[in-house]
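Close look at the chain arrangement
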Amino acid sequence: MVKNSIWYEKIHPNFGQYFFIENILHHEQTMFQEIIIFQNNFFGRIMSLDGILQTTEVDEFIYHEMISHVPLVAYGHPKKVLIIGGGDGASLREVTKYKSIEKIIMVEIDEKVVTACCQYLPNHSRDAFSDQRVSLQISDGVNFVNSCRDKFDIIIVDCPDPIGPGVRLFSPEFYRGCYNCLHERGIFVAQNGVFFLQSEYVSNSYSNLIKYFKDVKFFQASVPSYYGGMMIFAWATKNSVWGNLDLKVLKDNYISANLSCRYYNPAIHISSFAMPQYVLDRIDI
Ligand code: SPD
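As the structure is a computational prediction, the values presented were derived from the model and not from experiment.

Time to look at the pattern of salt bridges. Enumeration over the complete set of coordinates arrives at eleven salt bridges. Note that Arg93 and Glu60 form a salt bridge whose closest N and O atoms lie 2.9 Å from each other. In this pair, Arg93 is assigned in helix α2 (residues 90-95) and Glu60 in helix α1 (residues 60-75), connecting sequence segments 33 residues apart. Of the two residues, Arg93 and Glu60, both sit in the buried class. Between Lys217 and Asp215 there is a salt bridge whose closest N-O contact spans 3.2 Å. With respect to class, Lys217 is no different from Asp215; both count as buried. The network of salt bridges with common partners includes Glu60, Arg93, Glu94 and Lys97.

Moving on, we come to empty space enclosed by the protein. Rolled over the atoms, a probe as big as a water molecule pinpoints where empty space is left. The full count for this structure, using the stated rule, is one cavity of 30 Å³ or more. Put simply, the largest cavity is a space of about 70 Å³. For the largest cavity, the full set of lining residues is Gln33, Leu49, Asp50, Ile52, Gln54, Pro160, Asp161, Ile163 and Pro165. Among the residues making up the lining of the largest cavity, the classes are represented as five nonpolar, two polar and two charged.

Moving on, we get to the site of the ligand. Close contacts around the ligand come from Ile52, Leu53, Gln54, Tyr63, His64, Asp88, Asp158, Cys159, Asp161, Gln191 and Tyr226, and that covers them all. A distance of 2.8 Å separates a nitrogen atom of the ligand from a polar atom in the side chain of Asp161. Isolated, the ligand exposes 340 Å² of accessible area, and the fraction of that covered by the protein chains is 95%. Taking a 2 Å distance to the grid points as the criterion, the majority of the atoms of the ligand fall inside the largest pocket. Those elements that provide at least two residues to the shell around the ligand are β6 (52-56) and α1. Looking at the shell around the ligand, the element that brings in the most residues is β6, giving three residues. Broken down by class, the residue content of the shell around the ligand amounts to five nonpolar, three polar and three charged.

Rules used in this analysis
- Residues numbered from 1 in each chain as written.
- Predicted model: local features only at pLDDT ≥ 70, side-chain atom pairs only at ≥ 80, totals over all residues.
- Heavy atoms only, no water.
- Salt bridge = Lys/Arg side-chain N within 4 Å of Asp/Glu carboxyl O.
- Helix = DSSP H or I, 4+ residues; strand = E, 2+ residues; numbered from the N terminus.
- Buried < 20%, exposed > 50% of the residue type's maximum accessible area, 1.4 Å probe, protein only.
- 1 Å grid on protein atoms, 1.4 Å probe; cavity = no way out; pocket = protein on both sides within 12 Å on 5 of 7 lines; lining within 4 Å.
- Points joined across faces, edges and corners; volume = space filled by probe spheres on them.
- Nonpolar A, V, L, I, M, F, W, Y, C, P; charged D, E, K, R; others polar.
- Near = heavy atom within 4 Å.
- Polar contact = N/O pair within 3.5 Å; in protein donor to acceptor, adjacent residues only side chain to side chain.
- Areas by Shrake-Rupley, 256 points an atom, 1.4 Å probe, with all protein chains shown as cover.
- Sits in = over half its atoms within 2 Å of the grid points.

So, to be careful, I would describe these as geometric facts and stop short of saying anything about function.
Below, the structure written as structure tokens:
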């Protein structure tokens, strides 16, 4: 891989997408995965892990605002948040916007991702790692949730696809641990892939989450660099109190959080839970 060449992402056995490399900023094989960060003249800086595009400077706001603000605004005045993964720091950046939050634990398995992203993707974290409320723990997320005695209002799983270190973050063992360290009224969310190409992520996570959680549903957003259409996020709670989200409550919570977003707003929040019929048919709910 060299300057002025092309980086290919093999999305599917039969096709992929490509990006021109203007400049390579970072290339490293860690204990866990291969990290590449390069410059593209349209998407800005792009990070990939093990050949899979993780984030780009230009469209990351869509993914990170949705994975963070959908649970946080719904909950209203969250105090304790757990982020699993998210080494680039952008979910953390969104979470630290809430003044009500007293404690944020972020568990990332690969310290090298955090270091590389702080250096080459500084706009992702924007100094969120130095927020006094943040505790960054470099460890395995599955072990963390299964040994944690704390209870969180919100758990955000900002993980790669279920490949390499990401596999266990889609397992029943992980979901059981998340259930145990979620507050009774808490909300769990996790990225669940681009449905059109990775529908098995949603169907598998539905059948594994429903073993523990009372209410499991999905919301979506289209992120251009995640090729293939809408990206799905799983949402799971211990009871059905969040069954019918009220626009007025969301607007009040949004205003009192004093957020300024580029993608998220309360109307998008409500509409993101509407799923096309072919998705519902696959999940069988
Ligand atoms: N298909 C790759 C999806 C990656 C989703 N998570 C990326 C982490 C961004 N913080």
